[in-house]
Amino acid sequence: MNVAPPRPARNWPLLLGTLGFLVGMTWWSGHGIGFSLTELLCNLPGGQRLLQESWPPDFAFLPRLYAPFMETIYIAIIGTVVGGILAIPIAVLAARNLTLGPIVWFADRNFMNILRTLPDLFWAMMFATAVGFGPVAGALALSVFTIAVISKLWSESLEAIDMGMPEAVRAAGGTWLQMIQFGAIPQGLQHYVSYALYAFELNVRASMVLGLVGAGGIGMILETQRANFEYERVTMIILAVLVAVLVIEQISESIRKRLA
Amino acid sequence: MNKNQGSIRFTDASVVYPNGTVGMKDLNLEIRPGEFVVIVGSSGAGKSTLLRAINGLNRMTSGTVEVDGTKVPQKDGRELRVLRKRVGMIFQDFRLVKRLTVMSNVLIGRLAHVPGWRAMFNLWPAHDREVAMKALERVGITEKAWVKAAQLSGGQQQRVGIARALAQEPAIILADEPVASLDPVTTHQIMKDLVRINRELGITTLVNLHFLDLAKQYGQRIIGLRFGELVYDGSAANVTDEDFRDIYGRDFTEDDVLDEDAVGG
Amino acid sequence: MSANPGLLKPQKQIGWATWATFIIAVLFFWSLIAIEFSPGRMIQVPGQIARVLSFFYPADMAYGWSAVLPAIIESIQIAWIGTIIAALLSLPLALFGARTLFPRIARFVKLISATARAFPEILLAIYFVPIVGLGPFAGALAIGISSVGMLTKLGAEVVESIDFGPVEAVEASGGSRILALRYAVVPQVLPEIVAHWLFRFELNIRASAVLGVVGAGGVGGVLLNTLRYRHFEKAAAVLLLTIIVVLIIDMVSGEIRRKIIRG
């Protein structure tokens, strides 16, 4: 007959360690940022007043949003196109199966990861400082941000392609460039388009807030209205942004679905 | 063991699915406590409908099902849960939570027996753990108690499924095609387990089977269904090839039996 | 689309791609003109960037340790609390947002999560700052609310993809719906959902880093000020430390995620 084995001991050090870390980290963080439910509750009346001030949105302000809103879209388009093109070589060199050699691969991969660590607004601040306030700084910032998004995702899908075609091109005497162009990129094209659209969605969203640091677009108006506590206008701007983002996402998503 | 006897009675019971399919038609049937009943019929004949009506997973369109004289409630809620507590079910695809240990899976059979908060926080009384362990003992896989269900073979997983049903200390066990996903050797082991449990514990057992030879070999009483209607009800010892032909509406082929030599045997 | 468009329909494929490229090119150049990014301006840009970059060296690490590191730690704390808030709120929401479990409520939950997702954190922070005051608490709330949307969506997708057999098995044994969630759904989905939490934490580190721009705490405000007053050596310290800390957190979190999914 079978004998019931004893219940295996739990890994108490790991369990307690994890629990302790979670609780400790949360307590330390909550303390560090001054998290307090009482403060939140005490401030709720103030919040209510803010909401009353923010509502209804100032619809008369809407026409003045047109020009900065279009600027936002222009910035997103430029950022996606420039970043999308520059991302191609970076992604190819970061794909283990296509890269030129271990040193190039290692350098490119680290370059890519470092690009990814900095948030979009950091790039915007730096470019705004370098080339001056305005949409050019925003477009440059989004170009870098786009490179980071697309190259990471696309290099991973390039690593998963069928190597038969590229090897055939190489065997037929093709150069490395021809191998990439005719053997690899056609297979990765659908993914590329899909990631580029995804990056465009992110860029539209990001370009709404670039203006907060002076990098052009609708965010610059948002910043001035916010600084003047014109919350009815702030609400108007945010509502417009929300609708635009949702519409663009819907369009982009339907294109992506059709591609898949 | 449970004092409830485990009798089942269908009275003019019918099930029509929303898409118009007839799952059960004017069924009148009585099953006595402790019987081992095998239900046969081609696919779509209403075997599952019959089993799932007994624990209220399928609702009746008309007529009634009673378990030990109590009508099976036709809506979700406490009463239905109380009834299901006494009816264990075994599934073709085992329906285990693969990421949980075997023990946790068997304890699922005790959920209705302990206070909700205890179950919620995984604080099982020692008694319930014991019942679960006994259930595992009965199907002979105690040594796997602390292994994740995903690591077991198909036959072992079905044993856990049986143990989960046994942990309910049920009056009735419903087994819906319990061996359809298993290889022939394991199939016989599982069928033997079911028969043994029925004998040892006197639990009324209803088993849906597709294979005729298995039905004949293991059934006490055989019920044949065709298009939701009862077309055969008799002892397994007396069932003939003729009867099977009636049930299936055609000559049976080697697809209908597990071992080819068993045809006519 | 056919399974292998490249081989089956070469004509059509080329036509489609050409048109798309053409339209994108037109939009691109139109945008360049609209924001007055003239060729003359383009030529200046590399020089301007190089000039500013040259000021970045050497990084002022004394400032880095004394002022930047505490700000980065504050950013991490904001991201952590925001992620905890989002994780706690999104777990029940993800269950109710699963079409396969609660067809009627799911629609409503999905609508809420889509709306929460549409707001960049920084816009939410604009509202929270006047309510709870300038500082990291506002940032944590903004991060939390905006992460709820995404975690609910991803969580609901995980729940929708599970095997529903065990749910019926629990209910057939007399267990209630809640216990079915506890025993048949949660064990199946928890590893994936926790992995999503960790991934969101990685994203939230980046999000919290910029919240300082609207006064919601963290390292973003420090960068903004150092750049505004043209203290480029100090700005360099901000960038350097941010990159290092984020890289380390990404690596550790990524490793834990892989372990959780495997185990």
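Residues numbered from 1 in each chain as written. Chains lettered and ligands numbered in written order. Predicted model: local features only at pLDDT ≥ 70, side-chain atom pairs only at ≥ 80, totals over all residues. Heavy atoms only, no water.

## What to know about the overall build of chain B
No. 1: Within chain B, the secondary structure is distributed over 9 helices and 10 strands.
No. 2: Radius of gyration (C-alpha) of chain B: 18 Å, near the 18 Å computed for a compact globule of 265 residues.
No. 3: Overall size of chain B, expressed as C-alpha extent along the three principal axes, is 55 × 40 × 35 Å.
No. 4: Each of the 265 residues in chain B was classed as buried or not, and the buried ones make up 54%.
No. 5: Of the contacts made within chain B by residues no fewer than 6 positions apart, 68% connect residues no fewer than 24 positions apart.
No. 6: Accessible surface for chain B amounts to roughly 11,100 Å². Of this, 47% is attributable to carbon and sulfur atoms.
No. 7: Of the side-chain charges in chain B, 34 are positive and 33 negative, and the distance between the mean point of each set is 11 Å. (Helix = DSSP H or I, 4+ residues; strand = E, 2+ residues; numbered from the N terminus. Rg over C-alpha atoms; globule rule 2.2 N^0.38 Å. Buried < 20%, exposed > 50% of the residue type's maximum accessible area, 1.4 Å probe, protein only. Contact = heavy atoms within 4.5 Å. Areas by Shrake-Rupley, 256 points an atom, 1.4 Å probe, with all protein chains shown as cover. Lys, Arg positive; Asp, Glu negative; His and termini not counted. Charge placed at Lys NZ, Arg CZ, Asp CG, Glu CD.)

## Comments concerning helix H3 (residues 44-54) of chain A
No. 1: Considered for burial, the residues of H3 of chain A that qualify are Gly47, Leu50 and Ser54 of chain A. Down the axis of H3 of chain A, the buried set is contained in an arc of 60°. They therefore lie on one face. Facing away from the buried surface of H3 of chain A by more than 90 degrees, the exposed residues are Arg49 and Gln52 of chain A.
No. 2: Elements in contact with the buried residues of H3 of chain A: helix H11 (231-259) of chain A together with helix H6 (121-132) of chain C. (Arc of directions from axis to C-beta.)

## Comments concerning the sheet that holds strand E6 (residues 87-90) of chain B
Residue and element names in this part refer to chain B.
No. 1: A sheet is described by the order of its strands in space; here 6 strands give the open sequence E6-E7-E8-E3-E9-E10, paired in mixed fashion. Of all the strands in the sheet, the pair left with one neighbour each is E6 and strand E10 (229-235). Each strand of the sheet is rotated relative to its neighbour by a mean of 15°, with strand direction disregarded.
No. 2: In this structure, E6 lies alongside strand E7 (residues 172-175), joined through 4 bridges in parallel fashion. Counterpart to Met89 in the pairing with E7 is Leu174.
No. 3: Its contacts with the sheet place helix H1 (residues 47-54) against strand E3 (36-40), E6, E7, strand E8 (204-208) and strand E9 (221-226), and it is angled at close to 150° to E8. (Pairing = 2+ DSSP bridges. Axes fitted to C-alpha atoms, helices over the stretch in contact; angles between N-to-C directions.)

## Some words on the environment of Ser14 of chain B
Residue and element names in this part refer to chain B.
No. 1: As for its position among the elements, Ser14 is in strand E1 (residues 8-16).
No. 2: You can call Ser14 buried: its relative accessible area is 10%.
No. 3: Along the chain, Ser14 and Val65 lie 51 residues apart, while their C-alpha atoms are 9.9 Å from each other.
No. 4: Not counting residues up to four positions away in its chain, the partners in contact with Ser14 are Met24, Lys25, Asp26, Met60, Thr61 and Ser62.
No. 5: Side-chain polar atoms of Ser14 contact the backbone nitrogen of Asp26, separated by 3.0 Å. (Polar contact = N/O pair within 3.5 Å; in protein donor to acceptor, adjacent residues only side chain to side chain.)

## Here's the deal with the environment of Met120 of chain B
No. 1: Of note, Met120 of chain B is situated in helix H4 (residues 116-120).
No. 2: The spacing of Met120 of chain B and Val131 of chain B is 11 residues in sequence and 19 Å in space, taken between C-alpha atoms.
No. 3: Excluding anything up to four places from it in sequence, Met120 of chain B contacts Ile178, Leu179 and Arg182 of chain C.

## Observations regarding the packing of helix H4 (residues 66-94) of chain A against helix H7 (residues 135-159) of chain A
Residues and elements named next belong to chain A.
No. 1: Their axes nearest at 6 Å, the elements H4 and H7 cross at an angle of 40°. Between H4 and H7 the crossing geometry is right-handed.
No. 2: Per-class residue counts for the contact of H4 with H7 are 18 nonpolar, 9 polar and 2 charged. (Left-handed = near helix turned anticlockwise from the far one by under 90°. Nonpolar A, V, L, I, M, F, W, Y, C, P; charged D, E, K, R; others polar.)

## Side note on the interface of chain C and chain B
No. 1: Each partner contributes to the interface: chain C provides 23 residues, whereas chain B provides 28 residues.
No. 2: Summing both partners gives a buried area of about 2,000 Å² for chain C against chain B, and 61% of it is carried by carbon and sulfur.
No. 3: Three residues stand out in chain C for area buried against chain B, namely Glu168, Ser173 and Tyr183 of chain C, and they jointly supply 30% of the buried area on that side.
No. 4: Where chain C packs against chain B, one counts 3 salt bridges.
No. 5: The closest approach of N and O atoms between Glu192 of chain C and Arg99 of chain B, which form a salt bridge, is 3.1 Å.
No. 6: Linking chain C with chain B are 10 residue pairs in polar contact (both at pLDDT 80 or more).
No. 7: Elements represented by at least two residues in the side of chain C that touches chain B include exactly helix H8 (165-172) and helix H9 (177-210) of chain C.
No. 8: Per-element tally for the side of chain C that touches chain B: the top contributor is H9 of chain C, with 9 residues.
No. 9: Across the side of chain C that touches chain B, the residue classes break down as 11 nonpolar, 7 polar and 5 charged. (Buried area = accessible area lost by both parts, 1.4 Å probe. Salt bridge = Lys/Arg side-chain N within 4 Å of Asp/Glu carboxyl O.)

## Observations regarding empty space enclosed by the protein
Using a probe with the size of a water molecule, rolled over the atoms, empty space left in the structure can be pinpointed.
Residue and element names in this part refer to chain C.
No. 1: Here the structure, examined in full by the defined rule, presents 4 cavities of 30 Å³ or more.
No. 2: Approximately 60 Å³ is the volume attributed to the largest cavity.
No. 3: Lining the largest cavity are Ile72, Ser75, Ile76, Ile205, Ala209, Val219, Thr242, Val245 and Val246.
No. 4: Elements represented by at least two residues in the lining of the largest cavity include exactly helix H4 (61-96), H9 and helix H11 (232-262).
No. 5: By volume, the second largest cavity amounts to about 50 Å³.
No. 6: Taken together, Ser90, Leu91, Ala94, Leu151, Leu154, Gly155, Ile193, His196 and Trp197 make up the full set of residues lining the second largest cavity. (1 Å grid on protein atoms, 1.4 Å probe; cavity = no way out; pocket = protein on both sides within 12 Å on 5 of 7 lines; lining within 4 Å. Points joined across faces, edges and corners; volume = space filled by probe spheres on them.)

## Things to note about the confidence of the model for chain A
Regions with low pLDDT carry predicted coordinates that are not meant to be interpreted in detail.
No. 1: Per-residue confidence for chain A averages 86 on the pLDDT scale, and 98% of its residues sit at or above 70.
No. 2: Looking at the elements of chain A, mean pLDDT is at its lowest for helix H2 (residues 37-42) of chain A, recorded as 74, and at its highest for H4 of chain A, recorded as 93. (pLDDT = per-residue confidence, 0-100.)

## Focus on the domain arrangement of chain B
Residues and elements named next belong to chain B.
No. 1: Parsing chain B into structural domains produces domain 1 (1-86 + 172-265) and domain 2 (98-169).
No. 2: If you average the C-alpha positions of domain 1 and of domain 2, the two centres end up 25 Å apart.
No. 3: Among the residues of domain 1 in contact with domain 2, Lys85, Ile190 and Ile197 are the three that bury the most area, contributing 35% of the side total.
No. 4: The tally of links between domain 1 and domain 2 comes to 2 salt bridges. (Domains from an automatic or database assignment.)

## Here we look at the interface of chain C and chain A
No. 1: Taken together, the 61 residues of chain C in the interface contact 59 residues of chain A.
No. 2: Remark: the boundary between chain C and chain A carries 1 salt bridge.
No. 3: Close ionic contact of Asp250 of chain C with Arg116 of chain A constitutes a salt bridge, the shortest N to O distance being 3.9 Å.
No. 4: Counting across the chain C and chain A interface gives 6 residue pairs in polar contact (both at pLDDT 80 or more).
No. 5: Examining the composition of the side of chain C that touches chain A, we find that 9 residues originate from one element, H4 of chain C, more than from any other.
No. 6: Residue composition of the side of chain C that touches chain A, by class: 49 nonpolar, 6 polar and 6 charged.

## A few points about the packing of aromatic side chains
No. 1: By the definition in use, this model includes 11 aromatic pairs over all chains.
No. 2: With a centroid separation of 5.6 Å and 15° between ring planes, the pair formed by Phe55 of chain C and Phe232 of chain C is classed as stacked. Taken together, the positions of Phe55 of chain C in helix H3 (residues 39-55) and Phe232 of chain C in helix H11 put the pair 177 residues apart, joining distant regions of the chain.
No. 3: A connected cluster of aromatic rings, assembled from ring pairs, spans Phe21 of chain A together with Trp80 and Phe201 of chain C.
No. 4: The ring of Phe102 of chain C carries Arg177 of chain C above its face, with NZ or CZ at 5.9 Å from the centroid.
No. 5: Sitting above the plane of the Tyr183 of chain C ring, Arg182 of chain C keeps its charged end 4.5 Å from the centroid. (Phe/Tyr/Trp six-rings, centres within 6.5 Å; stacked < 30°, edge-to-face > 60°. Lys NZ or Arg CZ within 6 Å of the ring centre and 35° of its normal.)

## Description of the pairing of strand E2 (residues 22-31) of chain B
Residue and element names in this part refer to chain B.
No. 1: The pairing of E1 with E2 spans 6 bridges and is classified as antiparallel. Bridging from a neighbouring strand, Val16 pairs with Val22 of E2.
No. 2: Taking the residues between adjacent antiparallel strands as the criterion, E1 and E2 are bridged by 5 residues, where Gly20 takes a positive phi near 100°.

## Notes on the sheet that holds strand E5 (residues 70-71) of chain B
Residues and elements named next belong to chain B.
No. 1: Within the open sheet, the 4 strands sit side by side as E2-E1-E4-E5. Their pairing is antiparallel. The two strands at the open ends of the sheet, each matched to only one other strand, are E2 and E5.
No. 2: Pairing between strand E4 (residues 62-67) and E5: 2 bridges, direction antiparallel. In the strand pairing of E5, Val67 is matched with Thr70.

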